[in-house]
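# Residue-level structure breakdown
Take a look at the letters that make up each chain.
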Amino acid sequence: MNSAVALVPAAGRGERLGYGMPKALVPVRGVPLLVHAVRGLLDAGRVRHVVVAAPPDDVDAVSALVGGLPVDVVPGGADRTASVGAALRHAVAAFPDVRIVLVHDAARAFTPPEVVGRVVDAVAAGSEAVVPVLPVTDTVKRVDADGVVLDTPDRAALRVVQTPQGFAVDTLVRAHGSGVSATDDAGLVEKLGVPVATVAGHPSAMKVTTPHDLAVAEKVLVEGL
């Protein structure tokens, strides 16, 4: 059942990849990360439409890339939160019956469809906010401003968060209207006091941020790892 609308903030510049273009437009095997991400969302069979927040100067170019797909492209904002907000406002206006909204990073372009399904199912079952996660396998240290170790958190209670993150639409609208800031949308919802549920993520939902990540992504795409 195609029950969700997905928002993809893709207005970041992505300087660490060194391509001199927005990160979402960097190609993997000749296809931009954004296109891989959008196709992945739609191929999961749980998303009816995607709204992409693109760099304002690249709206036409991005629209051409996703032409023929059920995708709307809107100008993004100065940061991720502003871009998600712009895409959310468009989604609510264009699809007033939508009840489930996903927020997905274009840089997590190879998220398996089963992860998308788990997130949508959890929101449909009653969770107001859901994130896919993986256990932390490395030892983690908390340090002070000088880099001196303060303590070692118990990693059994820690999780790495991925996307897509899923929300009841009213909850996400309320979070974006709260005027607070956070590094992800689940963080905005947490600050409202809304519980955030978790589902299993997947290693292939890695975030492509550096040239090394890009090389790994190409291997994942080609070899299906």
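Just above sits the structure.
Okay, so let's go over this structure. In this text, all values refer to a predicted model and were calculated from it rather than measured experimentally.

### Topic: the side chain of His104
Tracing the backbone through its elements, the reader meets His104 in the loop between strand E6 (100-103) and helix H4 (113-124). The exposure class of His104 is buried, given its relative accessible area of 2%. Within polar-contact distance, the side chain of His104 engages the side chain of Thr163 at 2.8 Å. For His104, the residues in contact, after removing those within four places along its chain, are Leu7, Val8, Pro9, Ala37, Leu41, Thr111, Thr163 and Pro164.

### Let's talk about helix H5 (residues 169-176)
Three or more residues of H5 are buried, namely Val169, Thr171, Leu172 and Ala175. Summarising the axial view, the buried residues of H5 lie within an arc of 160°, below the 170-degree limit, and thus occupy one face. If you follow the buried residues of H5, they end up packed against strand E1 (4-9), helix H3 (80-94), E6, strand E11 (165-168) and helix H6 (185-190).

### Description of helix H1 (residues 33-43)
Most of H1 sits out of view: eight of its eleven residues are buried. Every buried residue belonging to H1 is among Leu33, Leu34, Val35, His36, Ala37, Val38, Leu41 and Leu42, and all of these are buried. Within two residues after H1, Gly45 carries a phi angle of roughly 75°, on the positive side.

### Observations concerning the side chain of His36
Along the chain, His36 falls in helix H1. Here the side chain of His36 touches Val31 through a polar contact of 3.3 Å, landing on its backbone oxygen. With near-sequence residues (within four places) excluded, His36 lies in contact with Val28, Val31, Ala109, Phe110 and Leu221.

### Section: the pattern of salt bridges
Counted by the stated rule, this structure contains six salt bridges. Between Arg108 and Asp105 there is a salt bridge, with its nearest N and O atoms 3.6 Å apart. Neither Arg108 nor Asp105 differs from the other in exposure class; each is buried. Residues Asp151 and Arg142 are paired through a salt bridge, measuring 2.8 Å at the closest nitrogen-oxygen approach. Overall, the relative accessible area of 44% leaves Arg142 in the partly exposed class. Three or more residues are tied together by salt bridges with common partners; here these are Arg80, Asp105, Arg108 and Asp185.

Calculation notes
- Residues numbered from 1 in each chain as written.
- Predicted model: local features only at pLDDT ≥ 70, side-chain atom pairs only at ≥ 80, totals over all residues.
- Heavy atoms only, no water.
- Helix = DSSP H or I, 4+ residues; strand = E, 2+ residues; numbered from the N terminus.
- Buried < 20%, exposed > 50% of the residue type's maximum accessible area, 1.4 Å probe, protein only.
- Polar contact = N/O pair within 3.5 Å; in protein donor to acceptor, adjacent residues only side chain to side chain.
- Contact = heavy atoms within 4.5 Å.
- Arc of directions from axis to C-beta.
- Salt bridge = Lys/Arg side-chain N within 4 Å of Asp/Glu carboxyl O.

Nothing here speaks to function; it is geometry throughout.
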